[in-house]
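Close look at the chain arrangement
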Amino acid sequence: MPRIRAGLLVSIIAIAVAWIGSARFAGADASDNPASTAQGLAAWEKVYSVLTHPRCINCHTATNYPQQGDDRRRHVANVVRGPEGKGVPALNCAGCHQETNADSTGVPGGHNWHLAPLSMRWQDTNDRALSSAEVCRAVTDRSKNNNLDGPGLLKHHEEEPLVKWAWNPGRRPDGTTRTLPPLTHEQFVAATRRWVEAGTPCPTK
Amino acid sequence: MATYQLNVNGERREVTVDPSTPLLWVLREDLKMTGTKFGCGISACGACTVHVGGVATRSCIVPISHVGDRPVVTVEAMSADPVGRVVQNAWVEEDVVQCGYCQSGQIMAAVALLKHTPRPTEQNIEESMGGNLCRCGTYPRIRAAIKTAATQLTKGGA
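Calculation criteria
- Residues numbered from 1 in each chain as written.
- Chains lettered and ligands numbered in written order.
- Predicted model: local features only at pLDDT ≥ 70, side-chain atom pairs only at ≥ 80, totals over all residues.
- Contact = placed C-beta atoms within 7 Å.
- Helix = DSSP H or I, 4+ residues; strand = E, 2+ residues; numbered from the N terminus.
- Nonpolar A, V, L, I, M, F, W, Y, C, P; charged D, E, K, R; others polar.
- pLDDT = per-residue confidence, 0-100.
- Axes fitted to C-alpha atoms, helices over the stretch in contact; angles between N-to-C directions.
- Parallel < 35°, antiparallel > 145°, perpendicular 65-115°, else oblique.
- Left-handed = near helix turned anticlockwise from the far one by under 90°.
- Domains from an automatic or database assignment.
- Buried ≥ 20, exposed ≤ 12 C-beta atoms within 10 Å, placed from the backbone.
- Pairing = 2+ DSSP bridges.

A word on the interface of chain B and chain A. With 23 residues of chain B at the interface, the matching set in chain A holds 19 residues. Elements that contribute at least two residues to the side of chain B that touches chain A include exactly strand E4 (55–58), helix H3 (103–116) and helix H4 (122–129) of chain B. Class assignment of the residues belonging to the side of chain B that touches chain A gives a composition of twelve nonpolar, nine polar and two charged.

Let's shift gears to the confidence of the model for chain A. Caution is warranted with low-pLDDT regions, since their predicted coordinates should not be read in detail. Summing up the model confidence of chain A, the mean pLDDT is 88 and the portion of residues at 70 or higher is 83%. In this model residues 12–31 of chain A is a low-confidence stretch, pLDDT under 50, and it forms three contacts with partners more than four residues away in sequence or in other chains.

What follows is about the packing of helix H2 (residues 37–51) of chain A against helix H7 (residues 185–197) of chain A. All names here are of chain A. The contact between H2 and H7 brings their axes to 8 Å, and the two run at 140°. Considering their axes alone, H2 and H7 lie oblique with respect to each other. Seen from above, H2 lies across H7 with left-handed handedness. Residue-level inspection shows Gln39, Gly40, Ala43, Trp44, Lys46, Val47 and Val50 of H2 in contact with H7, the latter providing Phe188, Ala191, Thr192, Arg194 and Trp195. Across the contact of H2 with H7, the residue classes tally to seven nonpolar, three polar and two charged.

Moving on: the domain arrangement of chain B. Many analyses report the size of an interface as the accessible area lost when the parts associate. All names here are of chain B. Under the domain assignment, chain B is made up of domain 1 (2–76) and domain 2 (81–157). The straight-line distance from the C-alpha centre of domain 1 to that of domain 2 is 21 Å. Opposite the 13 residues of domain 1 that make contact, domain 2 presents eleven residues. Looking at which element gives the most residues to the side of domain 1 that touches domain 2, the answer is strand E3 (residues 49–52), with three residues.

Residues and elements named next belong to chain B. Residues Leu23, Leu24, Val26 and Leu27 constitute the buried set of helix H1 (residues 23–30). Where the residues of H1 are buried, they touch strand E2 (11–17) and strand E5 (72–73). Immediately beyond the C-terminal end of H1, within one or two residues, lies Lys32, with a positive phi of roughly 55°.

Here we take up the environment of Gly46 of chain B. Residues and elements named next belong to chain B. Looking at where Gly46 falls in the secondary structure, it is placed in the loop between H1 and E3. Taking the number of C-beta atoms within 10 Å as the measure of exposure, Gly46 has 29 and is therefore buried. Put simply, Gly46 and Asn7 are 39 residues apart on the chain and 22 Å apart in space, counted from C-alpha to C-alpha. If sequence neighbours within four positions are ignored, Gly46 has contacts with Arg58, Gly105, Ala109, Gly131, Asn132 and Leu133.

Put simply, side chains in a regular strand alternate between the two faces of the sheet. Residue and element names in this part refer to chain B. The side-chain alternation of E3 yields two buried faces, one formed by Thr49 and His51 and the other by Val50 and Val52. As defined by bridge partners, E3 adjoins E4 across four bridges and the pair is classed as antiparallel. Residue Val52 lies in a different strand from E4, and its bridge partner there is Val55. Hairpin geometry of E3 and E4 is characterised by an intervening segment of two residues between the two adjacent antiparallel strands and by a positive phi of about 60° at Gly53. Bridge count for E3 against E5 is two bridges, and the pairing is antiparallel. Bridged to His51 within E5 is Val73.

Residue and element names in this part refer to chain A. Interhelical geometry of H2 versus helix H4 (residues 132–140) gives an angle of 90° and a closest axis separation of 10 Å. Our classification of the angle between H2 and H4 gives roughly perpendicular. Note on element contacts: H4 touches H2 through Ser132, Val135 and Cys136, opposite Trp44, Glu45, Tyr48 and Leu51. Considered class by class, the residues forming the contact of H2 with H4 number five nonpolar, one polar and one charged.

Structure follows, in structure tokens:
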């Protein structure tokens, strides 16, 4: 009897180990496997496609003012950057941009509306988007990116209200809906995660 | 329609309006406070500038549903405001106004500037007032009046 009981116990353990292993394998997603550099670079290109969309780059300018619209024209009303990227007294960003979109008047809104710092500019002074390599180097430079490491960048892309606003940009004054970045927010976060897991590799040129 | 309790120039005011109604039209049509002007309706000219929660705000594009409990201050309250009174006096002293239509917005912007920056530089004035348009072209006199007000305020005139 003891031998039979021991055999039964071994069988149960074997079955349990096999079940746990198969469940882990079945439930595994890409994030369970370390991404290769090539996979990371491919993921970065997806991230870059979002960062250079007008919903994002219009406030990551190299100029002393924000831009607006898909044609990326200079912001109306002679709005300027100001010392903290929030405009200047009497012409603050918050003087028009409220906590949420104002669809009835066509003014976009979100918490703490402001420009990205010049260290996070993703275009040149002629309004041309910087290359993938240049943006990647800036985004991963902790002396420029508010000291964010990989997980910090992922959290920024996942949770920052103004980042998330890009996927809920509201309506233009004519009632039409503003265009969205080329990926969904979920796809953007997944690509960022993949890139971070690969060690935030950057293209060489 | 929805009912909103507003704090306008220190007084509690109740209005029942469509939530999408811009603050400008609530002030002018419902509260009959016509000092604040309609200019462009797209936040491009500054004629409708009021202060919301202490921030110079384009009232033509802010739906009333977005105001919340932040105090609203209009040009009607400037004569009782320490900085506003000095600015208005400077406006008279420098004979700024021509047609006058944009001037309530200009004064509200100038007060916001001087409350934040009591000694504004030329660049400060240029940047802060650059969004307030005046079709009469009174810009040199506006600039002079801001400097006059700044001088008086920094002498302790406020």
